[in-house]
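Summary of the model geometry
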Amino acid sequence: MKISNAKLTRNILIGMGLGLILGLALNFSGLQKNEWISSLFIEGVFDLVGNIFVRSLKLLVVPLVFVSLVCGTAAMDDVRKLGKIGIKTMGLYLLTTCIAISLAMGLAFIFKPGQGVAVAETTDSISITEAPSIWEVITNMFPTNPVQAMAEGSMLQVIVFSILFGLAIVVSGKPGQRILSIFTDLNEIVLKLVMILMLIAPYGVFAKITVVFAVEGVDAIWQLGRYFFLVILALVLHAVIVYPSLLKLLSGLSPIRFLKNFYKVQIFAFSTASSNATLPVTLETAEKKLGVNNSTASFTIPLGATINMDGTAIMQGVATIFIAQISGVDLTIGQLLMVIVTATLASIGTAGVPGVGLVMLTMVLNQVGLPIEKISLIIGIDRILDMIRTAVNVTGDAAVTCIVAKGEGQLDESIYNSDTQEEVARS
Ligand code: ASP
């Protein structure tokens, strides 16, 4: 059986469109409240298919990152290059996150999302997550037990172990060569597994989106419309102005080409609301369609899925100003800077999974003394925003990867600029 990439992408797009239509139809008609429809379809078949889809993406993450990064590190012609790529990538990830949160707060000051929102007293208690210190973050990157790191999916630890293992292969002579050839074969096999599991993607995307739009309270969106649409506006501006400008200015690459080759990944991120679960697709696309060398992509993409969350930072920027406004608090310049620093640091070492952005928001609010319990106001509408911001998160990972790869001579422009839709699955 063969399926072409173009056909698969088209089917995923159809899955997304049908999911949106069906989900909204169920929501508006009130049918989602029907016990029979809810238990048999929404919490039954659709939830089942959607969960299998996300779980099968997640199952790929650790094997893929480990095998791919070991191969990538071992194949580096000059190991010092890895350090250079690492520093550039971290710098750009931090820069884009700072731009994202500043843009969000700037827009929130102009459009005042908290104005006119009637706030009922909330009694919900929300537990505060403390922001880890930078020293803790660095210490925690080093695993004491690589098996445990893989079992728990601690991506920064898996990345560190894989790089060390790859470096050890390079300096091990013949035994290293033998093990590397096994890893190279394993890499091929894991990539084939990605392709096989991609076959259920259109159904998975359809099921996930149907369930979210059927059960999400659309009424709540209208009540907090200003906040909701402002977050979306900031996300869209970041995706269509900031990334394309950085791509063009820093690497000379065509932003249109980038989006054309990358939008399938955005649909995955949108439907899973998890940059981690999307990682296999982001990595495959970065290498096969954006032309980034495996040595670079296998390092920068998993790193980005873990530490680079521009979309999340945008939500946090708008949410912080929103909560300050409804609480009647005027934040000082010092506090605003503190928000930028905390939100940026908080995103490091936090896995890209659904809803984690709100957990991180508690750290930010706590840091500047804003009431944490007000988060309960925005929880109800966060799922849809989570989907959109995750699409922005993965776009940032790939854009930075392309910029760094181009600068380091690790990007094949003939692939980046081509329209080829190679075969993606055979069996
Ligand atoms: N769901 C987001 C991600 O995985 C994180 C968040 O903002 O909640 O990238």
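Throughout this document, residue positions are counted from 1 along each chain, in the order its sequence is written. Reporting in this predicted model follows two pLDDT cut-offs: at least 70 for local features of residues, and 80 or more for side-chain atom pairs to be given and counted; totals over whole chains, interfaces and linings ignore these cut-offs and use all residues. Working from all heavy atoms in the structure, the side-chain values ignore hydrogens and water.

1. Thoughts on the overall build of the chain
For the purposes of this entry, the term helix denotes a DSSP run of H or I that reaches at least four residues, the term strand denotes a run of E that reaches at least two, and both are numbered from the N terminus. Broken down by element type, the chain carries 19 helices and 2 strands. In terms of C-alpha radius of gyration, the chain reaches 22 Å, essentially the compact-globule figure of 22 Å for 427 residues. Seen through its principal axes, the chain has C-alpha atoms that stretch 70 × 50 × 40 Å. Burial status follows relative accessibility: with a 1.4 Å probe on protein chains alone, a residue under 20% of its type maximum counts as buried, one over 50% as exposed, and anything between as partly exposed. Going through the 427 residues of the chain one by one, you find that 54% of them count as buried. Long-range contacts, defined here as pairs at least 24 residues apart, represent 85% of the contacts in the chain between residues at least 6 apart. When charges are counted, Lys and Arg are positive and Asp and Glu negative, with His and the chain ends excluded. Lysine's charge is taken at NZ, arginine's at CZ, aspartate's at CG and glutamate's at CD. Taken as two groups, the 27 positive and 28 negative side-chain charges of the chain have centres that lie 9 Å from each other. Radius of gyration: C-alpha atoms only; globule rule: 2.2 Å multiplied by the number of residues to the exponent 0.38. Here, residues are in contact when the closest pair of their heavy atoms is within 4.5 Å.

2. Structural notes on the site of the ligand
The near set for a molecule or strand comprises every residue that places at least one heavy atom within 4 Å of it. In the vicinity of the ligand, 14 residues are found, and the nearest of them are Ser275, Thr312, Gly357, Asp386 and Arg389. Between the ligand and the protein, one listed contact pairs an oxygen atom with a backbone N or O atom of Gly357 at 2.7 Å. Each polar contact in these results corresponds to two N or O atoms within 3.5 Å; when the atoms are within protein, one needs to be able to donate a hydrogen and the other to accept it, and residues that are neighboring in sequence are counted only if both atoms are side-chain atoms. A distance of 2.5 Å separates an oxygen atom of the ligand from a polar side-chain atom of Arg389. In these tables, accessible area is a Shrake-Rupley quantity obtained with a 1.4 Å probe, and a residue counts as shielded only by the protein chains included in the view. Considering the ligand on its own, with 270 Å² of exposed area, one finds that the protein chains cover 100% of that surface. Lining residues are those with an atom within 4 Å of a point, where the points come from a 1 Å grid over the protein atoms alone and group into cavities, where a 1.4 Å probe fits but cannot get out, or pockets, open sets with protein on both sides within 12 Å along at least five of seven lines. Pocket or cavity membership: a molecule qualifies when more than half of its atoms sit within 2 Å of the grid points of that site. Among the cavities detected, the one that contains the ligand is the largest cavity. Counting residues per element, the ones that place at least two in the shell around the ligand are helix H16 (356-367) and helix H18 (382-407). When residues of the shell around the ligand are assigned to their parent elements, the largest contribution, 4 residues, is made by H18. Classifying every residue of the shell around the ligand by side-chain character gives 4 nonpolar, 8 polar and 2 charged. For this scheme, ten residues count as nonpolar: Ala, Val, Leu, Ile, Met, Phe, Trp, Tyr, Cys and Pro. Four count as charged, namely Asp, Glu, Lys and Arg, and the remainder, Gly too, count as polar.

3. Topic: unusual backbone geometry
Negative phi is the rule for most residues except glycine; trans is the rule for most peptide bonds. Positioned with a positive phi, Lys112 is a non-glycine residue whose angle comes to about 45°. Among the secondary structure elements, Lys112 is positioned in the loop between helix H3 (79-111) and helix H4 (134-140). Overall, Lys112 belongs to the partly exposed group, its relative accessible area being 34%. Despite not being glycine, Ala273 has its phi angle at roughly 55°, a positive value. Tracing the sequence through the fold places Ala273 in the loop between helix H11 (255-272) and helix H12 (275-288).

4. Some points on the packing of helix H6 (residues 155-170) against helix H7 (residues 173-198)
Angle between the axes and distance between the axes: these two values describe a pair of packed helices. Between N-to-C directions, angles cover 0 to 180 degrees, with each direction set by a line fitted to C-alpha atoms, over the stretch in contact for helices. Direction vectors running N to C along H6 and H7 enclose 130°, while the axes themselves pass 7 Å from each other. By the criterion of interaxial angle, the relationship of H6 to H7 is oblique. The residues of H7 that touch H6, namely those facing Phe165, Ile169 and Val170, are Gly173, Gly176, Ile179, Leu180 and Phe183. Convention used here: angles under 35 degrees read as roughly parallel, angles over 145 as roughly antiparallel, angles from 65 to 115 as roughly perpendicular, and any remaining angle as oblique.

5. Observations regarding the side chain of Thr278
Take Thr278: it is sitting in helix H12. A polar side-chain atom of Thr278 sits 2.7 Å from the main-chain carbonyl oxygen of Ser274. If we ignore the near neighbours within four places in the chain, the residues touching Thr278 are Val265, Phe268, Ala269, Thr272 and Val394.

6. Some words on the confidence of the model for the chain
In the predicted model, the chain carries a mean pLDDT of 88, and 93% of its residues have values of at least 70. Note that pLDDT drops below 50 for residues 422-427; the model gives that stretch 18 contacts with residues more than four away or on any other chain. For every residue, the predictor states its confidence as a pLDDT score lying anywhere from 0 to 100.

7. Considerations on the packing of helix H13 (residues 294-307) against H18
Two elements in contact, H13 and H18, have axes separated by 9 Å at closest approach and are oriented at 145°. Here the hand of the crossing between H13 and H18 comes out right-handed. Mapping the contact onto sequence places Thr296, Ala297, Thr300, Ile301, Gly304 and Ala305 in H13 and Asp397, Ala398, Thr401 and Ala405 in H18. By residue class, the composition of the contact of H13 with H18 is 5 nonpolar, 4 polar and 1 charged. Two helices that cross are described as forming a left-handed crossing if the nearer one is turned anticlockwise from the farther one by less than a right angle, and a right-handed crossing if clockwise.

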